[in-house]
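The residues making up each chain are set out below.
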Amino acid sequence: MQKGLKAIAILIILSLLSFFLVRRIMKPKEEVEGKALPTVTCISMKKGDIAVKEELLGEISAKEQFRLLSKISGEVLEIDKENGSEVKKGERIALLDNQKQIDAAKYSLEQAKAQAQVTRDSRDRLATLKESGDISVQDFEAADAQAKAAEAQAKAAKLNYDTQVEFSEITAPSDGILQNSILVKGAFIPQGTQLATLMGAGSQQVLFSATEELVKNLSVGQSIMLEKGKESYPGTITEISSVLLPETGLFPVKAEVENTDFPEGSKAKISLTKDSRSSVNILPLNVLYYENGEAFVYVFEGTDGNEGLLRKKKVELGLSGEESAEILSGLSEEDKVVSSWNNEMFDGAKVRLQDKKDESVKDSAKEKSAPEESSEENSAKEETAPEESAKEEKG
């Protein structure tokens, strides 16, 4: 009984194998070969522009900064503007005790004025005597010189008095915002102490550092883009230092930015063009492959209609950007560079070039099937994308 069942099973299997074998043999050769050949799409090398971007971290500061220094030693008597206050040019920020110097300057001024008045009166009297011939011209000239000297001394005394009064008042040299203030009422301030920093109103600047290689490609007037949060702000490089900072080994660079109002010292991302080329031969990065450190592409070599072979061609690369690379040599504009990818690509592989009719049919099929595709199918597609596939060919 068991032998009979085994014989029946073997006959069924042989029948099925024969059925599929005969069906395969009876299919037209064109249909078999057409379905077996992988389909590829192609592009041609074209002229275009390419740029390499560099991203750096910068620090925001006011374009104009003023260090407010104490020109005298004295006690802080009054504080008119607190840290963070907006001030106008000429507004008083604080008052220092300089009364002793002011009193001394005032006393000297009064003495100088009195002396100048005496010498003027004496000169006027001698002028009348000179006219009547009672004194010589030399005597009058001597009195006139004394009067002029006394007037000069009075002017100098007035200047000293005004200076002492001015030194007692800390005023704003420009419109701006007061920051880093150390003023405390009643505190004694030594001469030369930095009391605060005034950040000038108007445009801001961003300070950043660049390597020696990057500095060679930068120039005054070059555009930059400052990014903070989700906003971008254009700017222009205004200064490139030729002196390397020993603590960082980098070169300081300044750029003015427009329409910004960020806190002093805040950080921001800077984007600038490191290098660029115009009207050069370019290809997308996703058509490039690498083998032993050398770049190559697959080109389609037609043999019969839309059918042909894949050929590997080494290419020499120039500048590489975010999406494309400059092709220096290895290709001509007539070469059909394969832009699609599949796991059957190798030098000499037989493929079929997808024509426009195939593309339109595929597009139509995609549109119909798109709503029915599941998230799993989408994930599978993403896994087979050229960008996610290994570019280094093995074997």
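All of the points below concern the structure found in this document.

Calculation criteria
- Residues numbered from 1 in each chain as written.
- Predicted model: local features only at pLDDT ≥ 70, side-chain atom pairs only at ≥ 80, totals over all residues.
- Heavy atoms only, no water.
- Core = buried A, V, L, I, M, F, W, Y, C linked by side-chain atoms within 4.5 Å.
- Buried < 20%, exposed > 50% of the residue type's maximum accessible area, 1.4 Å probe, protein only.
- Helix = DSSP H or I, 4+ residues; strand = E, 2+ residues; numbered from the N terminus.
- Contact = heavy atoms within 4.5 Å.
- Pairing = 2+ DSSP bridges.
- Phe/Tyr/Trp six-rings, centres within 6.5 Å; stacked < 30°, edge-to-face > 60°.
- Lys NZ or Arg CZ within 6 Å of the ring centre and 35° of its normal.
- Salt bridge = Lys/Arg side-chain N within 4 Å of Asp/Glu carboxyl O.
- Expected span 1.5 Å × (residues − 1).
- Polar contact = N/O pair within 3.5 Å; in protein donor to acceptor, adjacent residues only side chain to side chain.
- Axes fitted to C-alpha atoms, helices over the stretch in contact; angles between N-to-C directions.

### What to know about the nonpolar core
Moving on, step 1. Membership of the largest hydrophobic core comes to 20 residues, with the highest contact counts inside it found for V206, F208, L218, I224, L226 and L272.
Moving on, step 2. Elements that contribute at least two residues to this core include exactly strand 3 (46-62), strand 12 (204-210), helix 5 (212-215), strand 13 (223-228), strand 14 (231-240), strand 15 (251-257) and strand 16 (267-284).
Moving on, step 3. Among the elements that line this core, the one with the most residues is strand 15, at four residues.
Moving on, step 4. Once residues within four sequence positions are removed from consideration, L272 is found in contact with V52, K53, E54, L56, F208, L214, L218, Q222, S223 and I224.
Moving on, step 5. Listed in part, the 15 residues of the second largest apolar core include V76, V87, I170 and I189.

### Overview of the pairing of strand 12
Moving on, step 1. For strand 12, the buried fraction is high: five of the seven residues fall into the buried class.
Moving on, step 2. Taken together, the four bridges between strand 3 and strand 12 define a ladder with antiparallel strand orientation. Directly across from E59, in strand 12, lies its bridge partner L207.
Moving on, step 3. With seven bridges joining them, strand 12 and strand 15 adopt antiparallel strand pairing. Across the sheet, the residue bridging to V206 is A255, located in strand 15.

### Looking at the packing of aromatic side chains
Moving on, step 1. Going through the model one piece at a time under the given rule, you end up with four aromatic pairs.
Moving on, step 2. Taking 5.4 Å as the distance between ring centres and 85 degrees as the angle between the ring planes, the aromatic pair formed by Y233 and F262 counts as edge-to-face. On the criterion of sequence distance, the pair formed by Y233 in strand 14 and F262 in the loop between strand 15 and strand 16 is long-range, its members being 29 residues apart. As far as the burial class goes, Y233 and F262 line up, both buried.
Moving on, step 3. Plain terms: the ring middles of Y289 and F296 are 5.8 Å apart, the flat faces sit at 25 degrees to each other, and that makes the pair stacked.
Moving on, step 4. You can call F296 buried: its relative accessible area is 2%.
Moving on, step 5. An aromatic cluster is defined as three or more aromatic residues linked by ring pairs; in this entry it consists of Y289, F296 and Y298.
Moving on, step 6. One residue, K228, lies across the ring of F262, its end atom 5.8 Å from the ring centre.
Moving on, step 7. Directly above the ring of F296 sits K312, whose terminal nitrogen or CZ lies 4.5 Å from the centroid.

### A short note on the pattern of salt bridges
Moving on, step 1. All told, the structure shown has 20 salt bridges when counted by the stated rule.
Moving on, step 2. Between R92 and D80 there is a salt bridge, and its shortest N-O distance comes to 2.7 Å. Of the two residues, R92 is situated in strand 7 (residues 92-96) and D80 in the loop between strand 5 (74-79) and strand 6 (86-87); the sequence distance between them amounts to twelve residues.
Moving on, step 3. Take R92: its relative accessible area is 26%, and that puts it in the partly exposed class.
Moving on, step 4. Between K158 and D162 there is a salt bridge whose closest N-O contact spans 2.7 Å. You can see K158 and its partner D162 sitting in helix 4 (residues 137-168), four residues apart, about one turn around the helix.
Moving on, step 5. A relative accessible area of 36% places K158 in the partly exposed class.
Moving on, step 6. Under the relative-accessibility criterion, D162 is labelled partly exposed at 32%.
Moving on, step 7. Where salt bridges share partners, they join R120, R123, D144, K148 and E151 into one cluster.

### Examining helix 3 (residues 99-132)
Moving on, step 1. When the terminal C-alpha atoms of helix 3 are compared, their 50 Å separation across 34 residues agrees well with the 50 Å that a helix rising 1.5 Å per residue should span.
Moving on, step 2. For helix 3, the set of buried residues is I102, A105, L109, A112, A116, T119, R123 and L126.
Moving on, step 3. Just past helix 3, the residue G133 takes up positive phi, approximately 85 degrees.

### What to know about the side chain of T197
Moving on, step 1. Tracing the backbone shows T197 in strand 11 (residues 194-200).
Moving on, step 2. T197 gets classed as buried once you look at its relative accessible area, which sits at 8%.
Moving on, step 3. At 3.1 Å, the side chain of T197 and the side chain of Q194 are in polar contact.
Moving on, step 4. Once residues within four sequence positions are removed from consideration, T197 is found in contact with Q65, F66, I177, L178, Q179 and N180.

### Section: helix 4
Each turn of an α-helix holds 3.6 residues, which means side chains three or four residues apart point in the same direction.
Moving on, step 1. Compared with the 46 Å implied by 1.5 Å per residue over 32 residues, the 47 Å span of helix 4 between its first and last C-alpha is a close match.
Moving on, step 2. Within the span of helix 4, buried status applies to F140, A143, D144, A147, A150, A154, A157, Q164 and S168.
Moving on, step 3. Residues of helix 4 that are buried in the fold lie against strand 7, helix 3 and strand 8 (169-171).

### Considering the sheet that holds strand 5
Moving on, step 1. What the four strands build is an open sheet, ordered 8-7-5-10; its pairing is antiparallel. At either end of the open sheet lies a strand with only one pairing partner, and these are strand 8 and strand 10 (188-189).
Moving on, step 2. Here two bridges tie strand 5 to strand 10, and the two strands are oriented antiparallel to one another. By the bridge assignment for strand 10, G74 is matched with I189.
Moving on, step 3. Helix 4 contacts strand 7 and strand 8 of the sheet and is inclined by roughly 65 degrees relative to strand 8.

### Thoughts on the environment of E333
Moving on, step 1. Here E333 shows up in the loop between strand 21 (324-329) and strand 22 (337-338).
Moving on, step 2. Placed 290 residues apart in sequence, E333 and I43 show a C-alpha to C-alpha distance of 9.8 Å.
Moving on, step 3. When neighbours within four sequence positions are excluded, E333 is seen to be in contact with S44, M45, K47 and N281.

### Re the sheet that holds strand 9 (residues 176-179)
Moving on, step 1. The sheet built from four strands is open, its strands ordered 4-11-9-6 with antiparallel pairing. For this open sheet the edge positions go to strand 4 (65-69) and strand 6, each flanked by a neighbour on one side alone.
Moving on, step 2. In this sheet, strand 11 lies alongside strand 9 in antiparallel orientation, the contact comprising four bridges. For L178, the partnering residue across the bridge sits in strand 11 and is L198.

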